[in-house]
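Observations on chain architecture
Residues per chain, in single letters:
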Amino acid sequence: MGEKGWIRMVTAQTPTNIAVIKYWGKRDETLILPVNDSISVTLDPDHLCTTTTVAVSPGFERDRMWLNGKEISLAGGRYQNCLREIRNRASEVKDEEKGLIIAKEDWKNLHVHIASYNNFPTAAGLASSAAGFACLVVALAKLMNLKEDQEQLSSIARQGSGSACRSLYGGFVKWIMGKIDDGSDSRAVQLADEKHWDDLVILIAVVSSRQKETSSTSGMRESVETSLLLKHRAEEVVPKRILRMEEAIKNRDFPTFAHLSCADSNQFHAVCLDTSPPIFYMNDTSHRIISIVEKWNRAEGAPQVAYTFDAGPNAVLIARNRKVAALLLQRLFYYFPPGDGIDIDSYLLGDKTILQDAGINDTKDVEDLPPPPSVPGAKENSPAQKYVGDVSYFICTRPGRGPVVLPDTSQALIDPNTGTPK
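To keep things clear, this report deals only with the structure shown in the data block.

The rules behind the values
Residues numbered from 1 in each chain as written. Predicted model: local features only at pLDDT ≥ 70, side-chain atom pairs only at ≥ 80, totals over all residues. Heavy atoms only, no water. Helix = DSSP H or I, 4+ residues; strand = E, 2+ residues; numbered from the N terminus. Rg over C-alpha atoms; globule rule 2.2 N^0.38 Å. Contact = heavy atoms within 4.5 Å. Areas by Shrake-Rupley, 256 points an atom, 1.4 Å probe, with all protein chains shown as cover. Lys, Arg positive; Asp, Glu negative; His and termini not counted. Charge placed at Lys NZ, Arg CZ, Asp CG, Glu CD. Salt bridge = Lys/Arg side-chain N within 4 Å of Asp/Glu carboxyl O. Buried < 20%, exposed > 50% of the residue type's maximum accessible area, 1.4 Å probe, protein only. Phe/Tyr/Trp six-rings, centres within 6.5 Å; stacked < 30°, edge-to-face > 60°. Pairing = 2+ DSSP bridges. Axes fitted to C-alpha atoms, helices over the stretch in contact; angles between N-to-C directions. Core = buried A, V, L, I, M, F, W, Y, C linked by side-chain atoms within 4.5 Å. Expected span 1.5 Å × (residues − 1). Parallel < 35°, antiparallel > 145°, perpendicular 65-115°, else oblique. Left-handed = near helix turned anticlockwise from the far one by under 90°. Nonpolar A, V, L, I, M, F, W, Y, C, P; charged D, E, K, R; others polar.

Here we look at the overall build of the protein chain
- A count of helices and strands for the protein chain gives 11 helices and 19 strands.
- Here the protein chain has a C-alpha radius of gyration of 22 Å; the compact-globule value for 422 residues is 22 Å, and the two agree.
- Contacts in the protein chain between residues far apart in sequence, at least 24 positions, make up 75% of those at least 6 positions apart.
- As presented, the protein chain carries roughly 18,100 Å² of accessible surface, and 48% of it is formed by carbon and sulfur atoms.
- One finds the centroid of the 48 positive side-chain charges in the protein chain at a distance of 2 Å from the centroid of its 53 negative side-chain charges.

Okay, here's the thing in structure tokens:
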């Protein structure tokens, strides 16, 4: 296996995803097997992603992990499941540059260091655990030379965080719930790549980047145990919606896509309310955003924007095209202007070119925005209420590609000499 001093590293970058047909409820807590299929859109990793560096060295005494610079415990079952599954599938690695060979059986005795960084808030309802576990699996699979394909890797990522399996692909992804008890058929497949429907523009309103009160894991468990609506949803509603959503994506049928996304998001939150005790993920700002979108869609006579909310108050708004996205941004900035001292550059992250389309260069332009036409009373010049500071910031993004391994060692998060974070 060569000398003791070497460190071998791999860095990967993995997108997050947002479900448009929701996963809520497990039939097996340990294997993370869902009670229904789900469908998601992968978000552009240029704007929302996890970067993870994994390193191996005979000098490492134990497995260690750092998230956003802070060391965290790897004792949890989910991390252990992913590490065990990947070690069991590891193959021989020949590193000619370092002049070393790691035999298949050596992997069981070698320890890894993991450093992970999210470029978006962790545990605030933006699927950070999905991107995180997917990235961990992709990076470790490359490090240990796994021969499994993306679909098989998605089954491993699922055991870390259910929705992580959907971050193994770009574009539009379906997590097939599977029927077998061991979970071997519960995996993700790509329905269409990110170029298939590239008209779509996604605006995320980060209403709160605080950690949520009820974690998704405990929330799901309580819903499965107490909500009759969840049972009806999983058995009767979702199977039909999955078929219709697959068709809508295939045909780029935005009205159906929007109708299903909004209805499924609302039903997921209805299940949370139907749980005992009830779970409140959305807040007043979330409800105001829904109202703005619903009124606009009705006024236009056809859906212009779809909304969906995961287990948190942040709104993910999907506009049918760029022109609609610019109008949506004007509306959102009108109702939710930035607080004092916040400049436009830090109020809109991601694809900033949408600001030009919306005719917004600075906070003065926001102050000068006219009331949206659908505001009741706008014709009589009565000012519509504004909610300054209720949105922390916005992110503009789009459907994006799947995971990549970064060949540039300068992008690694671990120091190649010390084996600890840079």
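From this point, things continue past the structure.
Considering the pattern of salt bridges
- The final tally for this structure, using the stated rule, is 23 salt bridges.
- Of the charged contacts in the structure, one is a salt bridge between Glu151 and Arg187, with a shortest N-O distance of 3.7 Å. Of this pair, Glu151 sits in helix 3 (residues 150-158) while Arg187 sits in strand 13 (residues 187-192), and the two are 36 residues apart along the sequence.
- For Asp264, the salt bridge goes to Arg241, with nearest N and O atoms at 2.8 Å. Here Asp264, found in helix 6 (residues 254-274), pairs with Arg241, found in helix 5 (residues 228-250); they are 23 residues apart in sequence, far enough to count as distant. When sorted by exposure, Asp264 lands in the same class as Arg241, which is buried.
- One salt-bridge network, in which partners are shared between bridges, spans Asp44, Arg322, Asp351, Asp357 and Arg398.

Considerations on the packing of aromatic side chains
- If you walk through the whole model with that rule in mind, you get 14 aromatic pairs.
- With a centroid separation of 4.9 Å and 55 degrees between ring planes, the pair formed by Trp24 and Phe268 is classed as tilted. Here the residue Trp24 occupies a position in the loop between strand 2 (17-21) and strand 3 (26-28), and Phe268 occupies one in helix 6, the gap between them amounting to 244 residues. In this structure, Trp24 and Phe268 share a single accessibility class: buried.
- Considering the side-chain rings of Tyr334 and Tyr335, the 5.3 Å spacing of their centres and the 85 degrees angle between planes classify their relative orientation as edge-to-face. Side by side, Tyr334 and Tyr335 carry an identical accessibility label, which is buried.
- What links up through ring pairs into an aromatic cluster is the set Phe172, Trp197, Phe254 and Phe257.

Here's the deal with the sheet that holds strand 2
- Strand order in the open sheet formed by four strands is 2-5-12-13, with antiparallel pairing between adjacent strands. Pairing within the sheet leaves two strands with one partner each, and these edge strands are strand 2 and strand 13. Going from strand to strand, the sheet's axes swing by 35 degrees on average, the running direction of each strand aside.
- Alignment of strand 2 against strand 5 (residues 38-42), held across four bridges, turns out to be antiparallel. Opposite Ala19, over in strand 5, you have Ser40 as the bridge partner.
- Packing against the sheet, helix 6 makes contact with strand 2, strand 5 and strand 12 (172-176), and its axis sits at approximately 95 degrees to strand 2.

Let's talk about the nonpolar core
- Residues Ile204, Phe257, Leu317, Phe333, Phe336, Leu348 and Phe394 are the most contacted members of the largest nonpolar core, which totals 72 residues.
- Residue contributions to this core peak at nine residues, all from helix 8 (residues 322-335).
- Apart from the residues within four sequence positions on either side, Phe257 is in contact with Val20, Val41, Phe172, Trp197, Met245, Ala248, Ile249 and Ile318.
- Counting 54 residues, the second largest nonpolar core, distinct from the first, contains Cys82, Leu146, Val271 and Ala311.

Side note on helix 2 (residues 128-143)
- Taking 1.5 Å per residue as the helical rise, helix 2 with its 16 residues ought to reach 22 Å, and the 22 Å between its terminal C-alpha atoms agrees with that figure.
- The buried count for helix 2 comes to 14 of 16 residues, which makes it a mostly enclosed element.
- Positive phi shows up at Asn145, right after helix 2, with a value of about 60 degrees.

Re the packing of helix 5 against helix 6
- Put simply, helix 5 and helix 6 touch, their axes get as near as 10 Å, and they point 165 degrees apart. If you check the angle between helix 5 and helix 6, you find them roughly antiparallel. For the crossing formed where helix 5 meets helix 6, the hand is left-handed. The residues of helix 6 that touch helix 5, namely those facing Leu228, Leu229, Leu230, Arg233, Val237, Val238, Arg241, Arg244, Met245, Ala248 and Ile249, are Thr256, Phe257, His259, Leu260, Ser261, Ala263, Asp264, Gln267, Ala270, Val271 and Asp274.
- Classifying every residue of the contact of helix 5 with helix 6 by side-chain character gives 13 nonpolar, four polar and five charged.

Here's the deal with the sheet that holds strand 19 (residues 404-405)
- The six strands are arranged 8-7-11-6-1-19 in an open sheet whose pairing can be described as mixed. Each edge of the sheet is formed by a strand with only one pairing partner; in this case those strands are strand 8 (70-72) and strand 19.
- The pairing of strand 1 (residues 8-15) with strand 6 (residues 49-57) spans eight bridges and is classified as antiparallel. For Pro15, the partnering residue across the bridge sits in strand 6 and is Cys49.
- Helix-sheet contacts for helix 1 (residues 77-89) involve strand 7 (64-67), strand 8 and strand 11 (111-118), and the interaxial angle to strand 11 is about 125 degrees.
- Lying on the sheet, helix 2 is in contact with strand 1, strand 6, strand 11 and strand 19; it crosses strand 1 at an angle near 145 degrees.

Overview of the pairing of strand 14 (residues 201-206)
- Of all six residues in strand 14, six are buried, a share of seventy percent or more.
- Burial of the side chains of strand 14 extends over both faces: Val201, Leu203 and Ala205 are buried on one face and Ile202, Ile204 and Val206 on the other.
- By the bridge criterion, five bridges tie strand 14 to strand 16 (residues 315-319) in an arrangement that is antiparallel. Bridging across to strand 16, Ile202 finds its partner in Ile318.
- Examined bridge by bridge, strand 14 and strand 18 (residues 393-397) share five bridges and lie antiparallel to one another. Looking across to strand 18, one finds that Ile204 is bridged to Ile395.

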